[in-house]
Amino acid sequence: MTQRLAGKTCLLMGGGTSFPEGGLSNGQAVALTFAREGARIAVADLRLDAAQDTVKQILAVGGEAFALRADVSRHVDVRDAVQATLDRWSRIDILHNNVGIEARGGILDTTEEAWDRVHDINLKGAFLACKEVIPAMQSQGGGSIINVSSTASLKWGPAEFISYNSSKAALNHLTRVLARQFAPMNIRCNAVLPGMIDTPHIRTLYKDKTPEELAEIMVGRNARCPMGRQGTSQEVANAALFLASDEASYVSGVLLTVDGASSV
Ligand SMILES: NC(=O)c1ccc[n+]([C@@H]2O[C@H](COP(=O)([O-])OP(=O)(O)OC[C@H]3O[C@@H](n4cnc5c(N)ncnc54)[C@H](O)[C@@H]3O)[C@@H](O)[C@H]2O)c1
């Protein structure tokens, strides 16, 4: 069977996990899915060990990958990660911006520092990666950029994460502006907006809870989804795979919700 990303190279920002003891993070699921479909992957993460762990998993399924340490909020790190990928493979067909953090709090209790940190990582990180990768995509004749946003960019939610909401909403518009501007150069830019996904990271949000309390919280999260369950990182990766592949060759500027109709 033809691999859907055969011959393509990918720079994956945030390809590790913030909770190695858990299951598959969104970034790891994308890494493994893209690798199974034939892409070679540069896995960058703030934590080199987390990136290396993902690379190990890619190699185990017969893929090709290498690990990089990069803080996406630091221009020099992003520039180095892009250069290292180009040095290795001479092109970047797919840029997958997966990094995202959150800080609890609404407008009244979010500090200026927390606001800046969340925007620096969620929004400036994607800005810097796009800024550094687009010239390579222009000179090679095209590419696909995927920004991982969230349905929290679209609607109110009971938990307060104002800086997260704002940074992801801005990421949506960055996506659409880049899509329009670079369409003539065959560079597509889309966003995936996961809803409630049962990733290992979610468990870190409730690390102060007992196992019984956590189980209860998960029942509540499942019940809030119209399908009666949270999504999986694999379901997020499947959407990203479509956008990364040539099957989406005329798809750009899309904000693709992966939320089982939760945002409808
Ligand atoms: N899990 C959900 O329910 C959910 C819902 C909507 C959106 N998302 C989005 O999906 C993406 C991944 O989520 P996840 O749940 O798998 O989280 P995760 O925390 O497991 O993965 C994020 C990765 O980014 C890395 N990272 C953090 N700061 C970084 C930095 N400054 N530079 C480089 N790497 C950095 C972390 O080390 C981690 O490996 C995020 O953008 C998140 O906002 C998740």
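Residues numbered from 1 in each chain as written. Predicted model: local features only at pLDDT ≥ 70, side-chain atom pairs only at ≥ 80, totals over all residues. Heavy atoms only, no water.

As named in an unreviewed UniProt entry, the protein chain is SDR family NAD(P)-dependent oxidoreductase, taken from Candidimonas humi.

### A word on the site of the ligand
Heads up, the rule is: Near is defined per residue: the residue qualifies when any heavy atom it owns lies within 4 Å of the molecule or strand. Any N or O atom pair separated by 3.5 Å or less is treated as a polar contact, with the protein-specific requirement of one donor-capable and one acceptor-capable atom, and with residues adjacent in sequence counted only for side-chain atom pairs. Note on areas: these come from Shrake-Rupley sampling with a 1.4 Å probe, and a residue is covered only by the protein chains present in the view. The classification used treats Ala, Val, Leu, Ile, Met, Phe, Trp, Tyr, Cys and Pro as nonpolar, Asp, Glu, Lys and Arg as charged, and all other residues, Gly among them, as polar.
Looking at the ligand, there are 28 residues lining it, with Ser18, Asp45, Asn98, Tyr164 and Thr199 nearest. Backbone polar atom of Val72 to a nitrogen atom of the ligand: 3.0 Å apart, as the coordinates give it. Side-chain polar atom of His201 to an oxygen atom of the ligand: 3.1 Å apart, as the coordinates give it. For the ligand, the protein covers 94% of the area, taking 830 Å² as the surface of the free molecule. Broken down by class, the residue content of the shell around the ligand amounts to 11 nonpolar, 13 polar and 4 charged.

### Remarks on the packing of helix H4 (residues 112-140) against helix H5 (residues 162-182)
Note the cut-off: Geometry is summarised by axes, namely lines fitted to C-alpha atoms with helices restricted to the contacting stretch, and by angles between N-to-C directions that run from 0 to 180 degrees. Strands are runs of DSSP state E lasting at least two residues, helices are runs of H or I lasting at least four, and both sets are numbered from the N terminus onward. Any angle between 65 and 115 degrees counts as roughly perpendicular, while under 35 counts as roughly parallel, over 145 as roughly antiparallel, and the rest as oblique. By convention, the crossing between two helices is left-handed when the near helix turns anticlockwise from the far helix through less than a right angle, and right-handed when the turn is clockwise. In this description, contact between two residues means that some pair of their heavy atoms is separated by no more than 4.5 Å.
For the pair H4 and H5, the least separation of the axes is 8 Å and the interaxial angle reads 15 degrees. Classed by the angle they form, the pair H4 and H5 counts as roughly parallel. Here H4 and H5 pass one another in a crossing that is right-handed. Contacts between H4 and H5 involve Ala114, Trp115, Val118, His119, Asn122, Leu123, Ala126, Phe127, Cys130, Ile134 and Gln138 on the former and, on the latter, Ile162, Ser163, Tyr164, Ser166, Ser167, Lys168, Ala170, Leu171, Leu174, Leu178 and Phe182. The residue makeup of the contact of H4 with H5, split by class, is 15 nonpolar, 6 polar and 1 charged.

### Examining helix H2 (residues 48-60)
For clarity, the cut-off: Helix span, expected: 1.5 Å multiplied by one less than the number of residues in the helix. Between buried and exposed lies partly exposed: a residue is buried under 20% and exposed over 50% of the maximum accessible area for its type, with that area taken using a 1.4 Å probe on protein chains only. Arc definition: directions from the helix axis to the C-beta atoms.
For H2, built from 13 residues, the straight-helix expectation of 18 Å at 1.5 Å per residue is met to within 8% by its first-to-last C-alpha distance of 18 Å. Taken together, the buried positions of H2 are Ala50, Ala51, Thr54, Val55 and Ile58. Summarising the axial view, the buried residues of H2 lie within an arc of 140 degrees, below the 170-degree limit, and thus occupy one face. Turned more than 90 degrees off the buried face of H2, the exposed positions are Lys56 and Ala60. Packing partners of the buried residues in H2 comprise helix H1 (26-36), strand S2 (40-45) and strand S3 (64-69).

### Digging into the packing of aromatic side chains
To keep it simple, the criterion reads: Working definition: a ring pair exists when centres of Phe, Tyr or Trp rings (six-membered ring for Trp) sit within 6.5 Å. Plane angles under 30 degrees give stacked, over 60 give edge-to-face, the rest tilted. Over a ring means this: the NZ of a Lys or the CZ of an Arg is within 6 Å of the ring centre and within 35 degrees of the ring normal.
Going through the model one piece at a time under the given rule, you end up with 1 aromatic pair. The positively charged end of Arg88 is found above the aromatic ring belonging to Phe66, 4.0 Å away from the centroid.

### Observations regarding the sheet that holds strand S4 (residues 94-97)
Counted only if it meets this: In this scheme, strands are said to pair when DSSP sees at least two bridges between them.
Spatially, the 7 strands line up as an open sheet ordered S3-S2-S1-S4-S5-S6-S7, and their pairing is parallel. The strands lining the two open edges of the sheet, one partner per strand, are S3 and strand S7 (255-258). Mean inter-strand twist for the sheet, computed between neighbouring axes without regard to direction, equals 20 degrees. Across 5 bridges, the pairing between strand S1 (residues 9-13) and S2 is parallel. In the sheet register, Cys10 faces S2, and the bridge partner there is Ile41.

### With respect to the packing of H1 against helix H8 (residues 233-244)
Interaxial distance between H1 and H8 falls to 8 Å at its minimum, and their mutual angle equals 50 degrees. With respect to H8, the element H1 is oriented oblique. Relative to H8, H1 is oriented so that their crossing is right-handed. Residues Asn26, Ala29, Val30, Thr33, Phe34 and Arg36 of H1 pack against Ser233, Gln234, Val236, Ala237, Ala240, Leu241 and Ala244 of H8. Looking at the contact of H1 with H8, its residues break down into 8 nonpolar, 4 polar and 1 charged.

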